[in-house]
Amino acid sequence: MEFSIKSGSPEKQRSACVVVGIYESRKLSIAAVQMDRASEGYISEVLKRGDMDGRLGSTLLLQRVPNTLCDRVLLVGLGKERDFGDKQYRDATRAMTSALSATGSIDAVSYLSELPVKKREVSWRIEQAVIVAMDALYKFDRLKSKEDDNKRSLKRLTLCVNRRGELAEGEEGLATGLAIAEGMNLTRDLGNLPGNYCTPTYLAEQATEMAKRAGFEIEVMDQAAIEKLGMGSFLSVAKGSRQPPRFIVLQYKGGKASDKPIVLVGKGITFDAGGISLKPAAEMDEMKYDMGGAASVLGTFRALESLRPKLNVVGLIPTCENLPDGNANKPGDIVTSMSGQTIEILNTDAEGRLILCDALTYAERFEPKAVVDIATLTGACVIALGHHASGLLANDDSLARHLLAAGEDMHDRAWQLPLWDEYQEQLKSPFADMQNIGGRSGGTITAACFLSRFTKKYSWAHLDIAGTAWKSGKDKGATGRPVPLLVRFLLNQAAPKHKAA
Ligand code: BES
Ligand code: MN
Ligand code: ZN
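Residues numbered from 1 in each chain as written. Chains lettered and ligands numbered in written order. Predicted model: local features only at pLDDT ≥ 70, side-chain atom pairs only at ≥ 80, totals over all residues. Heavy atoms only, no water.

Engineer: I tried to follow the pattern of salt bridges on my own but got confused; where do I start?
Structural biologist: One side chain can pair with another of opposite charge once the charged atoms of both are near each other. Taken as a whole and judged by the stated rule, the model has 27 salt bridges. A salt bridge links Asp 83 to Arg 82; its shortest N-O distance comes to 4.0 Å. With relative accessibility at 63%, the residue Arg 82 sits in the exposed group. Here Asp 475 ties to Lys 474 by a salt bridge, and the two come within 3.2 Å at their closest N and O atoms. The class of Asp 475 is partly exposed, set by a relative accessible area of 48%. Within this structure, Glu 182, Arg 213, Arg 302 and Glu 305 form a network of salt bridges that share partners. (Salt bridge = Lys/Arg side-chain N within 4 Å of Asp/Glu carboxyl O. Buried < 20%, exposed > 50% of the residue type's maximum accessible area, 1.4 Å probe, protein only.)

Dropping the structure here:
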């Protein structure tokens with residue numbers, strides 16, 4: 001898919017389709033008014049007949065509109081003008097993209113990107129248009145033996161801005177939007193790829209390929225190297241699988257050598273069967289997505305590759321499988337983490353924290369400005385927040401606020417949960433320094449409490465993406481979240497535009 005930015009009148013666009021917006025109760029947007037005038041009232045005529053009322057997300061395709069240079073005009077409903085905000089803009093853009101890909105238009109010129117959105121600027125509108133359109137057009141069909149026959153699909157989308165003076169800002173939004181969308185696509189591809197393809201070795205190969213292309217530094221540690229580091233907790237999970245583990249260390253150096261890096265840590269369980277504490281069979285296939293944290297770190301690096309912001313970023317990915325096996329962890333086993341702290345494993349299915357804790361200890365050596373880990377960590381997070389917000393827990397409220405604001409900006413939202421000391425009680429073990437589960441209550445919080453014991457030396461936040469990394473049911477598939485949140489957060493760190501929200 002190709003995008004470009006343009007300014008000019010809608011009736012003068014030579015294109016397979018020109019897209020204009022209609023507000024509820026048949027009120028025309030500015031571009032629709034222009035189209036209407038050029039066509040001597042053709043559009044208001046259609047609306048008067050009642051074929052479309054401007055309800056948010058509704059669409060109507062018109063053929064042969066008089067005095068225009070395009071083949072078709074697509075009307076997109078915008079809802080009430082005074083309600084037109086982030087969500088409405090994104091919904092209308094999504095409806096446009098679906099309608100365009102259903103018509104067989106190979107190219108289109110959209111005037112939705114001109115619409116005023118409350119509190120948002122040109123670059124935001126363009127960025128979001130690109131992200132939403134790429135999201136709506138995404139398909140994962142590389143493992144189908146035949147291609148779908150819909151060959152005539154949207155190839156070029158031109159996004160319009162109001163004035164020539166806005167073109168530069170539009171181009172900037174386009175570059176950021178494309179980088180984020182491409183990052184999300186990588187995250188989605190890796191997530192959707194099943195466990196028999198997407199192994200720890202495969203993830204490491206993909207990271208290495210990207211690093212070579214982009215000029216990132218990379219180190220991939222194998223089992224022996226991981227043993228040498230003393231990552232006893234990580235390795236205890238890995239030893240229950242025939243797939244060898246990997247520990248991936250990626251470094252993007254866009255800042256000064258003296259700039260402390262932001263470290264991203266991604267949970268990379270390429271399949272989570274639960275281990276000896278075996279999961280039930282229903283929907284177990286979805287545990288191929290248990291490397292969503294790792295995939296979002298790689299997707300974020302993919303965006304850094306294009307955007308090259310002025311800061312330093314480290315990506316850490318502990319990756320292995322969690323399977324039942326003669327050599328697997330058993331309930332009651334006690335392991336020693338890289339930090340020296342001992343852990344009693346009461347449930348082998350709480351494996352994410354076991355691999356993350358050692359990566360979090362490893363992060364200390366970078367003297368980080370901040371560490372953010374991203375993990376499909378707890379089913380409890382899905383119960384608490386559903387599928388719209390990622391869980392956020394942090395030992396630094398300023399870091400938490402920056403992450404929340406970045407998520408809000410990108411409609412990739414997170415919601416903070418408390419990390420109070422009182423919850424730590426639930427991790428007390430009679431035999432080791434801690435146990436790996438805290439009982440049924442507050443499962444997302446106690447999981448974060450566990451991680452917090454390994455993050456005492458730096459500013460840290462944890463994103464639980466169990467409810468947001470993928471969708472189940474008829475739209476099953478990886479979402480690419482929280483790449484938008486992470487990239488926006490990093491860009492803000494590189495060039496703080498305004499003080500924390
Ligand atoms: N990967 C799962 C978390 C998960 C489960 C994410 C379902 C999305 C949907 C994680 O490793 C896990 O199994 N967690 C356990 C922890 C429990 C044993 C304390 C869970 O949530 O049940
Ligand atoms: Mn598990
Ligand atoms: Zn897991």
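Engineer: Would you take a moment to explain the coordination of the zinc ion (ligand 3) for this structure?
Structural biologist: Perfect tetrahedral coordination of a metal by four donors corresponds to 109.5 degrees between them, and perfect octahedral coordination by six donors corresponds to 90 or 180 degrees. With distances of 2.0 to 2.4 Å, the protein atoms coordinating the zinc ion (ligand 3) are Lys 267 (NZ), Asp 272 (OD), Asp 290 (OD) and Glu 351 (OE). Around the zinc ion (ligand 3), the six donor atoms sit at angles spanning 79 to 176°, and that spread fits a shape best called octahedral. The distance between the zinc ion (ligand 3) and the manganese ion (ligand 2) comes to 3.1 Å, with Asp 272 serving as a donor to both metals. Of this pair, Lys 267 sits in the loop between β10 (262-266) and β11 (268-272) while Asp 290 sits in the loop between β11 and α9 (292-307), placing them 23 residues apart in sequence. Pair check on accessibility: Lys 267 and Asp 290 agree, each one buried. (Donors = N, O, S within 2.8 Å, 3.2 Å for Na, K, Ca; no water. Tetrahedral: all angles 85-135°; square planar, octahedral: opposite > 155°, others 65-115°. Helix = DSSP H or I, 4+ residues; strand = E, 2+ residues; numbered from the N terminus.)

Engineer: I would appreciate a short explanation of the coordination of the manganese ion (ligand 2) in the present structure.
Structural biologist: Here the manganese ion (ligand 2) is held by the protein donor atoms Asp 272 (OD), Asp 349 (O), Asp 349 (OD) and Glu 351 (OE), which lie 2.0 to 2.2 Å from it. Coordination at the manganese ion (ligand 2) is irregular, judged from the six donor atoms that bind it and the angles of 69 to 169° they form at the metal. We note that the donor set of the manganese ion (ligand 2) lies within a single chain, spaced as D-x76-D-x1-E.

Engineer: How should the sheet that holds strand β18 (residues 434-435) be read in this particular structure?
Structural biologist: Note: strands within a sheet are paired through backbone hydrogen bonds, in either parallel or antiparallel orientation. Read from one edge to the other, the open sheet built from three strands follows the order β13-β14-β18, with strand pairing classed as mixed. The sheet terminates laterally at β13 (334-336) and β18, the two strands that pair on one side only. Across two bridges, strand β14 (residues 342-344) lies against β18 in parallel orientation. From the neighbouring strand, Ile 343 faces β18, where its bridge partner is Met 434. (Pairing = 2+ DSSP bridges.)

Engineer: How do you make sense of the domain arrangement of the protein when you look at a structure like this?
Structural biologist: In many reports, interface size means the accessible area that the parts give up when they come together. What the domain assignment reports for the protein is domain 1 (2-161) and domain 2 (180-494). Its C-alpha centre places domain 1 at a distance of 38 Å from the equivalent point of domain 2. Taken together, the contact between domain 1 and domain 2 spans 13 residues of the former and 18 residues of the latter. Note on domain 1 versus domain 2: buried area summed over both sides is about 1400 Å², and carbon and sulfur give 55% of it. It is Ile 131, Met 134 and Tyr 138 that lose the most area in domain 1 upon contact with domain 2, and together they represent 35% of the buried surface on that side. At the boundary of domain 1 with domain 2, the tally comes to four salt bridges. Measuring nitrogen to oxygen at the nearest pair gives 2.7 Å for the salt bridge that ties Asp 409 to Arg 120. The interface formed by domain 1 and domain 2 includes seven residue pairs in polar contact (both at pLDDT 80 or more). A per-element tally of the side of domain 1 that touches domain 2 places helix α4 (residues 122-137) first, with six residues. In terms of residue class, the side of domain 1 that touches domain 2 is made up of six nonpolar, one polar and six charged. (Domains from an automatic or database assignment. Contact = heavy atoms within 4.5 Å. Buried area = accessible area lost by both parts, 1.4 Å probe. Polar contact = N/O pair within 3.5 Å; in protein donor to acceptor, adjacent residues only side chain to side chain. Nonpolar A, V, L, I, M, F, W, Y, C, P; charged D, E, K, R; others polar.)

Engineer: I would appreciate a short explanation of the packing of helix α5 (residues 167-192) against helix α14 (residues 483-494) in the present structure.
Structural biologist: Helix-helix packing: each pair is described by the crossing angle between the helix axes and the interaxial distance. Closest axis-to-axis distance for the α5/α14 pair is 9 Å, and the angle between their directions is 135°. Relative to α14, the element α5 lies oblique. Considering how the two elements wind past one another, α5 and α14 form a crossing that is right-handed. Between α5 and α14, the residues in contact are Thr 176, Ile 180, Gly 183, Met 184 and Thr 187 and Val 483, Pro 484, Val 487, Arg 488 and Leu 491, respectively. (Axes fitted to C-alpha atoms, helices over the stretch in contact; angles between N-to-C directions. Parallel < 35°, antiparallel > 145°, perpendicular 65-115°, else oblique. Left-handed = near helix turned anticlockwise from the far one by under 90°.)

Engineer: Looking at this model, I keep getting lost on the nonpolar core. Mind explaining?
Structural biologist: Generally speaking, a soluble globular protein has its nonpolar side chains buried in company with each other. Of all hydrophobic cores here, the largest spans 51 residues; its most connected members are Phe 216, Leu 264, Phe 301 and Leu 463. Per-element accounting of this core gives the leading share, seven residues, to helix α6 (residues 200-214). Once residues lying within four places of it in the same chain are set aside, the contact partners of Phe 216 are Met 210, Ala 211, Leu 250, Gln 251, Tyr 252, Phe 301, Leu 304, Glu 305 and Arg 308. If you look at the next biggest cluster of nonpolar residues, it comprises 44 residues, including Phe 247, Ile 269, Cys 449 and Tyr 458. (Core = buried A, V, L, I, M, F, W, Y, C linked by side-chain atoms within 4.5 Å.)

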